[in-house]
Structure formats: C-alpha cells, structure tokens
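# Observations on the three-dimensional arrangement
Next come the chains, spelled out residue by residue.
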Amino acid sequence: MSASTFDPSASQASTFCLPPGPWQTVLECLSDRFPSVGYARWADRFGRGRVLNAQGEPLSVAHPYRVGLRIHYYREVAQEKPIPVQARIVHQDDHLLIADKPHFLPVTPAGEFVEETLLRRLIRTTGNPHLVPLHRIDRHTAGLVMFSTQPSTRGPYQQLFPTRQITKVYEAMAPALRGLVFPHVRHSRIARGEPFFCMREVEGDANSETRVEVIDHNGPLWRYRLFPVTGRTHQLRVHMAGLGAPLCNDPFYPTVTPQGVPDDYERPLQLLAKSLSFKDPLTGDHRSFESQLSLLPQLA
C-alpha cells in the first residue's frame with residue numbers, strides 16, 4: 001500500500017509512537033511494552049507484514065528502534081470465537097455502504113473481538129480496505145450501520161452525525177409505562193458508571209435527549225419507537241431503564257450479567273436501529289434506509 005493511500009483508521013490498524021528506552025529494534029520495544037503479547041508473537045506479526053511504518057510499509061524484525069517512530073500494527077486475538085450470525089448489505093454505492101447488523105456482532109475491533117466484527121467481515125466481503133463506520137451501535141444492538149467507502153468523500157458524510165443532520169429511529173421492547181404521557185422526552189446527564197463499560201444518569205445539566213413514542217401497547221410489554229437526539233454511549237438503554245422500563249434481555253441495565261457468561265443467542269437485547277434518513281451532502285437528495293430485521297415476535 002503506497003504512502004498516498006495508507007489510512008490506518010480505514011484499515012483499523014492501531015497506532016503506537018515509540019517511547020524513550022534502551023531497545024535496539026522496534027521488535028524489542030514492542031515486546032517490552034506489550035508483554036502480554038510476547039516476543040514470539042510479535043516476531044510472527046512482523047514476519048506476516050502486520051507491523052507497518054507511517055507509510056504503510058511492513059517492517060522487518062531487525063528494523064532499528066528510534067524514539068518517536070510512529071508504527072501501525074494489527075491487533076489479533078488467539079483462537080477468536082466465531083459469532084454465528086450474519087450481516088446483510090442493504091445498499092452500496094461509490095460513497096456509502098449500509099449494513100444490516102444482527103445482534104451480538106461488534107461493529108469494530110475491540111477487546112476479544114477482532115476478525116469477528118462487522119467491519120472486518122465487510123472488508124473481506126467487499127475487498128475494500130477503506131471502509132470506515134460513520135457511527136457505531138452497541139454489539140448487543142441490531143440494525144443499520146452506515147460506512148464510508150472512500151476517503152475522498154468521507155468528511156461530508158461524517159459531519160451528518162455531530163451536526164444532527166441525520167435522523168435515526170430505533171424500535172425497542174420493554175415493560176409498559178402506563179403512567180407516562182406520550183410522546184415523552186427524556187433529558188438527563190449521562191456519565192461513566194461502574195463497571196467502567198456501563199453508564200448512569202447523574203445530577204447536573206442534561207447532555208442527552210431521547211424522544212419516546214409507543215407503537216403497540218397491548219399486554220405487559222410494549223413496543224416503543226425511540227428517537228435519539230444526542231448520541232451518548234448506551235443512551236437509549238440508560239434512558240429506558242431510568243424511566244422504569246429497562247429493555248427486554250438487556251445484559252447491562254439494570255443488572256450487569258457476570259463476566260464469563262456466554263451470549264444467549266435466543267435472548268437478544270430488544271433494541272433495533274430501524275431506519276436512517278438524511279439529505280445527501282453531495283447530491284442534495286433525500287435518502288432513507290430501513291432495516292429488514294425485527295424484534296422477537298414472541299415478545300410483541
């Protein structure tokens with residue numbers, strides 16, 4: 001890959017700037033700084049071209065160490081467990097790819113998931129290493145995810161999200177909220193909680209907003225339509241739990257499932273990113289996409 005085309009964010013390579021130290025080679029530095037990986041596994045990565053310089057060129061195991069040298073490397077997880085679900089591409093053109101993501105599949109590499117992610121699977125399927133997600137949804141959430149397919153037009157599409165020029169609509173199943181008047185707007189301040197991957201509502205000026213509507217209201221469980229005005233981590237899940245209606249099968253709210261408990265593919269979180277709509281920043285056309293997935297029918 002040439003210097004003009006290498007994009008570490010698109011390839012999902014991690015970036016590391018070499019710190020001061022006594023090492024003779026880049027390999028020695030990485031082995032000491034990341035002991036959990038170990039010398040042998042780092043050497044193997046070098047041998048397979050998985051450690052690159054700033055121009056995207058593979059480094060050899062003997063490449064000399066230099067303070068401040070910026071390198072890119074690809075994370076790997078030994079014996080990564082397959083995730084038995086499949087995503088579907090619902091739209092693809094010269095600028096965008098829209099994927100319909102099932103529950104349990106992460107969007108990007110993180111933690112124990114690297115190859116078993118939506119991004120890596122799409123790169124393998126399309127052969128396009130420049131795919132970059134323009135937004136994220138939780139691993140436990142299903143539905144639409146929009147990707148940029150090329151760097152030259154990425155910026156205008158990225159700006160749709162922080163400038164709130166895109167409408168995202170979710171559907172959810174949760175206990176009935178009979179005492180609430182709908183549509184209902186939930187404002188609150190969301191901050192990091194415990195454990196670290198969970199969020200919580202705290203005192204202070206609101207930094208999050210969700211509009212809640214009811215689609216079906218028969219029985220003890222209702223089907224809701226959720227409009228996130230802001231995009232805080234786990235916002236919809238936190239807001240619904242705060243209203244007294246935690247989403248069905250939520251492994252985090254209100255109670256965190258103990259670590260090590262395997263995913264129950266028969267009990268997915270009942271949250272679906274149902275639709276995306278926006279004015280295309282390149283053409284001015286109105287564009288709208290809808291997920292073909294659905295929530296569990298037995299909960300309807």
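Residues numbered from 1 in each chain as written. Predicted model: local features only at pLDDT ≥ 70, side-chain atom pairs only at ≥ 80, totals over all residues. Heavy atoms only, no water.

Next up on the list: the nonpolar core. Judged by nonpolar contacts, the single largest core of 32 residues is most densely connected at Phe 147, Tyr 224, Leu 226, Met 240 and Leu 271. For this core, the elements supplying multiple residues, two or more each, are strand 5 (96–101), helix 4 (118–126), strand 7 (142–148), strand 8 (166–175), strand 12 (221–228), helix 6 (235–242) and strand 13 (271–279). With 4 residues, helix 4 is the largest single contributor of residues to this core. With 16 residues, the next largest nonpolar core counts Phe 16, Trp 23, Phe 46 and Leu 69 among its residues. (Core = buried A, V, L, I, M, F, W, Y, C linked by side-chain atoms within 4.5 Å. Buried < 20%, exposed > 50% of the residue type's maximum accessible area, 1.4 Å probe, protein only. Helix = DSSP H or I, 4+ residues; strand = E, 2+ residues; numbered from the N terminus.)

Pairing of strand 4 (residues 88–92) with strand 5 involves 4 bridges; the strand directions are antiparallel. Among the inter-strand pairings, Arg 88 is bridged to a residue of strand 5, identified as Asp 100. Count of turn residues in the strand 4/strand 5 antiparallel hairpin: 3 residues. (Pairing = 2+ DSSP bridges.)

What follows is about unusual backbone geometry. Residues Phe 182 and Pro 183 are joined by a peptide bond in cis, for which omega reads 0°. For the bond running from Glu 194 to Pro 195, omega is -5°, close enough to zero to count as cis. Among the structural elements, Pro 195 can be located in the loop between strand 9 (184–192) and strand 10 (199–202). Here Phe 104, not a glycine, exhibits a phi torsion of approximately 80°, which is positive.

The subject of this paragraph is helix 6. Extensive coverage of helix 6 is indicated by the burial of 6 of its 8 residues. Along its buried surface, helix 6 packs onto strand 8, strand 9, strand 10, strand 11 (208–216), strand 12 and strand 13. (Contact = heavy atoms within 4.5 Å.)

Attention shifts here to helix 4. Where helix 4 is concerned, the buried positions are Leu 118, Leu 119, Arg 120, Arg 121, Leu 122 and Ile 123. Positive phi appears at Gly 127, one or two residues downstream of helix 4, with a value of about 75°.

Counting all residues, the mean pLDDT for the protein is 91, and 94% of those residues have values of 70 or more. Below a pLDDT of 50 lies the segment residues 1–5, which in the model reaches 7 contacts outside its immediate sequence neighbourhood of four places, other chains included. (pLDDT = per-residue confidence, 0-100.)

A few words now on the packing of aromatic side chains. Inspection of every chain in the model, using the stated rule, returns 13 aromatic pairs. A centroid spacing of 5.3 Å and a plane angle of 75° characterise the contact between Trp 42 and Tyr 73, whose relative ring orientation is edge-to-face. You can see Trp 42 sitting in helix 3 (residues 39–47) and its partner Tyr 73 sitting in strand 3 (residues 70–73), a full 31 residues away along the chain. For the pair Phe 104 and Tyr 265, a centre-to-centre distance of 4.7 Å together with 70° between the ring planes defines the contact as edge-to-face. Of this pair, Phe 104 sits in the loop between strand 5 and helix 4 while Tyr 265 sits in the loop between helix 6 and strand 13; the two residues are 161 residues apart in sequence, bridging distant segments of the chain. Classification of Phe 104 as buried rests on a relative accessible area of 6%. Here the aromatic residues Phe 16, Phe 34, Trp 42 and Tyr 73 are joined through ring pairs into a cluster of three or more. (Phe/Tyr/Trp six-rings, centres within 6.5 Å; stacked < 30°, edge-to-face > 60°.)

Once that is clear, we can look at the pattern of salt bridges. Inspection of every chain in the model, using the stated rule, returns 15 salt bridges. Across the pair Arg 124 and Glu 115 runs a salt bridge whose closest N-O atoms are separated by 2.6 Å. Between Asp 138 and Arg 237 there is a salt bridge; the shortest N-O distance is 3.0 Å. Taken together, the positions of Asp 138 in the loop between strand 6 (132–133) and strand 7 and Arg 237 in helix 6 put the pair 99 residues apart, joining distant regions of the chain. Both residues of the pair, Asp 138 and Arg 237, belong to the buried class. Several salt bridges share partner residues, and in doing so they unite Asp 93, Asp 280 and Arg 287 into one network. (Salt bridge = Lys/Arg side-chain N within 4 Å of Asp/Glu carboxyl O.)

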